[in-house]
Protein chains: 4
Amino acid sequence: MHLNPDIPRVVNQPGQFSFENGITVTCSRAGYAEGVLEVRPTSLNPHGTIHGGCLYTLADTVAGTAAVGAGGLSCVTVSGTMEFLRPATGKRIACVATPKKEGRTLSVMQVVLTNETGKTVATGTFTFMLSPTKQP
Amino acid sequence: MHLNPDIPRVVNQPGQFSFENGITVTCSRAGYAEGVLEVRPTSLNPHGTIHGGCLYTLADTVAGTAAVGAGGLSCVTVSGTMEFLRPATGKRIACVATPKKEGRTLSVMQVVLTNETGKTVATGTFTFMLSPTKQP
Amino acid sequence: MHLNPDIPRVVNQPGQFSFENGITVTCSRAGYAEGVLEVRPTSLNPHGTIHGGCLYTLADTVAGTAAVGAGGLSCVTVSGTMEFLRPATGKRIACVATPKKEGRTLSVMQVVLTNETGKTVATGTFTFMLSPTKQP
Amino acid sequence: MHLNPDIPRVVNQPGQFSFENGITVTCSRAGYAEGVLEVRPTSLNPHGTIHGGCLYTLADTVAGTAAVGAGGLSCVTVSGTMEFLRPATGKRIACVATPKKEGRTLSVMQVVLTNETGKTVATGTFTFMLSPTKQP
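Residues numbered from 1 in each chain as written. Chains lettered and ligands numbered in written order. Predicted model: local features only at pLDDT ≥ 70, side-chain atom pairs only at ≥ 80, totals over all residues.

Draft legend 1. View of the overall build of chain A. In terms of regular secondary structure, chain A is built from three helices and six strands. Shown N-terminal to C-terminal, the secondary structure of chain A runs as helices and strands in the order α-α-β-β-α-β-β-β-β. Its C-alpha radius of gyration of 14 Å places chain A within 12% of the 14 Å reference for a compact globule of 136 residues. Here chain A, with 136 residues, has 53% of them falling under the buried criterion. Relative to all contacts within chain A whose residues are 6 or more apart in sequence, the contacts with residues 24 or more apart total 62%. (Helix = DSSP H or I, 4+ residues; strand = E, 2+ residues; numbered from the N terminus. Rg over C-alpha atoms; globule rule 2.2 N^0.38 Å. Buried ≥ 20, exposed ≤ 12 C-beta atoms within 10 Å, placed from the backbone. Contact = placed C-beta atoms within 7 Å.)

Draft legend 2. Structural detail: the relation of the copies chain D and chain C. In screw terms, the move from chain D to chain C is a rotation of 180 degrees and a rise of 0.0 Å along the axis, fitting with an RMSD of 0.0 Å. Viewed as a symmetry operation, the transformation between the two copies matches a two-fold axis. Among all residues of chain D, the minimum C-alpha distance to the rotation axis is found for threonine 81 of chain D, at 2.1 Å. The share of interface residues of chain D whose copies in chain C are also at the interface is 100%, consistent with both copies meeting through the same surface. (Least-squares fit on C-alpha atoms with pLDDT ≥ 70 in both.)

Draft legend 3. Looking closely at the interface of chain D and chain C. Tallying the contact residues gives 33 residues for chain D and 33 residues for chain C. If you list the elements that add at least two residues to the side of chain D that touches chain C, you get helix H1 (7–11), helix H2 (17–20), helix H3 (52–68) and strand S3 (73–84) of chain D. Grouping the constituent residues of the side of chain D that touches chain C by class yields 13 nonpolar, 17 polar and three charged. The pairing of strand S3 (residues 73–84) of chain C with S3 of chain D spans five bridges and is classified as antiparallel. Residue pairing in the sheet places methionine 82 of chain C in a bridge with glycine 80 of chain D of S3 of chain D. (Nonpolar A, V, L, I, M, F, W, Y, C, P; charged D, E, K, R; others polar. Pairing = 2+ DSSP bridges.)

Draft legend 4. Highlighting the pairing of S3 of chain D. All names here are of chain D. In terms of residue burial, S3 counts as a mostly covered element, since 10 of its 12 residues are buried. Pairing of S3 with strand S6 (residues 120–132), which is carried by 11 bridges, proceeds in the antiparallel orientation. Looking at the pairing, glutamate 83 lines up with threonine 123 of S6.

Draft legend 5. Geometry of the relation of the copies chain D and chain A. For the match of chain D to chain A, the screw axis carries a shift of 0.0 Å, the RMSD comes to 0.0 Å, and the turn is 180 degrees. When the interface residues of chain D are mapped onto chain A, 100% of them again lie at the interface, so the same face is used by both copies.

Draft legend 6. Region of the structure containing the interface of chain D and chain A. Between chain D and chain A, the residue contacts involve six residues of the former and six residues of the latter. Among the elements that take part in the side of chain D that touches chain A, S3 of chain D stands out by supplying three residues, more than any other.

Draft legend 7. Representation of the sheet that holds strand S5 (residues 106–114) of chain A within the structure. In spatial order, the strands read S1(A)-S2(A)-S4(A)-S5(A)-S6(A)-S3(A)-S3(B)-S6(B)-S5(B)-S4(B)-S2(B)-S1(B); together these 12 strands make up an open sheet with antiparallel pairing. Edge positions in the open sheet fall to strand S1 (23–29) of chain A together with strand S1 (23–29) of chain B, since each of these has one partner strand only. Pairwise comparison of adjacent strand axes, ignoring direction, gives a mean angle of 25 degrees for this sheet. Pairing geometry for strand S2 (residues 32–38) of chain B and strand S4 (residues 92–102) of chain B, over six bridges, is antiparallel. Bridging across to S4 of chain B, alanine 33 of chain B finds its partner in alanine 97 of chain B. The sheet contacts of helix H3 (residues 52–68) of chain B involve strand S3 (73–84) of chain A together with S1, S2, strand S3 (73–84), S4, strand S5 (106–114) and strand S6 (120–132) of chain B, and relative to S3 of chain B the element is tilted by about 140 degrees. (Axes fitted to C-alpha atoms, helices over the stretch in contact; angles between N-to-C directions.)

Draft legend 8. Geometry of the sheet that holds strand S2 (residues 32–38) of chain D. Pairing is antiparallel in the open sheet, where 12 strands are placed in the order S1(C)-S2(C)-S4(C)-S5(C)-S6(C)-S3(C)-S3(D)-S6(D)-S5(D)-S4(D)-S2(D)-S1(D). Among the strands making up the open sheet, the edge pair consists of strand S1 (23–29) of chain C together with strand S1 (23–29) of chain D. Between one strand axis and the next, the sheet turns through 25 degrees on average, direction left out of account. Across six bridges, S1 of chain C lies against strand S2 (residues 32–38) of chain C in antiparallel orientation. In the strand pairing of S2 of chain C, isoleucine 23 of chain C is matched with leucine 37 of chain C.

Draft legend 9. Up close: the confidence of the model for chain A. Per-residue confidence for chain A gives a mean pLDDT of 91; residues scoring 70 or more make up 92%. At the level of chain-chain contacts, confidence expressed as ipTM amounts to 0.93, with global pTM at 0.92. (pLDDT = per-residue confidence, 0-100.)

Draft legend 10. Layout of H3 of chain D. Residue and element names in this part refer to chain D. A rise of 1.5 Å per residue sets the reference length of H3, with its 17 residues, at 24 Å; its end C-alpha atoms lie 24 Å apart and thus fit the reference within 8%. Where burial is concerned, most of H3 is hidden: 17 out of the 17 residues are buried. Looking one or two residues beyond H3, the residue adopting positive phi is glycine 69, at roughly 55 degrees. (Expected span 1.5 Å × (residues − 1).)

Draft legend 11. Examining the environment of glutamine 16 of chain C more closely. Note that glutamine 16 of chain C resides in the loop between helix H1 (7–11) and helix H2 (17–20). Once you skip the residues sitting within four places of it in the chain, glutamine 16 of chain C turns out to touch Val11 of chain C together with Leu44, Asn45 and Pro46 of chain D.

Draft legend 12. Examining the environment of threonine 49 of chain B more closely. All names here are of chain B. Residue position: threonine 49 is located in the loop between S2 and H3. For threonine 49 and glycine 90, which are 41 residues apart along the polypeptide, the C-alpha to C-alpha distance reads 8.6 Å. Here threonine 49 is in contact with Leu44, Pro87, Ala88 and Thr89, once residues within four sequence places are set aside.

Draft legend 13. Structural detail: the pairing of S6 of chain D. All names here are of chain D. As defined by bridge partners, strand S5 (residues 106–114) adjoins S6 across nine bridges and the pair is classed as antiparallel. What sits directly across from valine 108, in S6, is threonine 127. The antiparallel pairing of S5 with S6 creates a hairpin that spans five residues between the two strands, and glycine 118 there sits at a positive phi of about 85 degrees.

As structure tokens, then:
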């Protein structure tokens, strides 16, 4: 994801896949980000629990925000892994992203997704390739 | 994902996260499945390319369909990894899922996602835990 | 890995791939394990740093020990991912494994590998399938 | 792994972790490599099957050889994932590495490991960061 210094203005916007699916970045600073999924009837899979792709979208969005951090950087996701630890249900899923490594070219972020009772429903690891933000 | 024998009837339905985001399973047989993402203006990330979470949703949905195969099985995703090999753009992304292993308890499926020009934009590996479908 | 209640007696033994390569499990209790790699001239890759396969062996061995925990369980590794965050050098690498999830059938363990100065050189996530230990 | 143009001379050498554990690169050309593990009594885990770390070492070594390909490049492993599909036994395990993507900065390689009867025992995906080989 390309993210300019005012991340919420770019990500939390109509038209964005994440935003259109109920995902908002709620906190963003260097090497740290938080976000939340407001669960909708259309967030679900055939089991009636939250679709893994919806959780992945939350995770990737928040991790990418943490990777670009304080601004001046752009990133693309190189790879991402998720472990789905228990069925995800409820009205809200929170996500926190913190660094495993912040490099000049690559950053590796870990995410923890929790339900409303504070239980971890999924975890993940995302690798991003960084580049300086092109100034307009 | 829980999937009964008539997978398309369950997955390709309004209300499903995948379907609501333009994803349709187009082929399903034992150990094989195909699907397609019809790209929308709301499928994108801040770069203007298709969001990794949208591609992941396509991959997970098609891989799960292949895992349950000919029916009689239900599955949940244990973990999934994706590699994003080039920016995904265009009107349609196709996904094919084939087995790395089909076990009694666990199945491992690989996916290849291609754009309209036939180039691979992403690959992935998904592990599913299987159980017999509860008969209603 | 199959591990009976007295893990150190089974794992820390001549003939074991891990032990033969300088790896010892140093702590083992329910949902937690520690281990150490004593680096040898033969632990290295062409760069002269510790081979990723050697680090992976340390990680898998310690994570499996944590997965079987207090005994009575046997486990096999379903999958494992590692992120190599910086070149691994020095005389010793320590590894700590803690649970992401402990289930009846599957357990997911995370590992952190640190060098002698306390810097994280690699992290990983391992999924194990559990079964009761066969009693002789 | 750093690998100069004559890969076999550098990797298939006493002192290398892979070589010391019975692993030899047997074929190397641009975007392709093969290798083999000659199984030893010390290649095993407590189950008596080949240790996942030994298979990972084979995979990483062969994938890195494929990544640097025709020479002039050096690479380090960014991350690697392995799926262990069935117990690995027998006298030899063969590994083939082919590209998922060959980029200027990152290359993604997939590996397939087969036993003597031709059955796939494990698969994996490795991401490498490339840089020009320093000339001495």
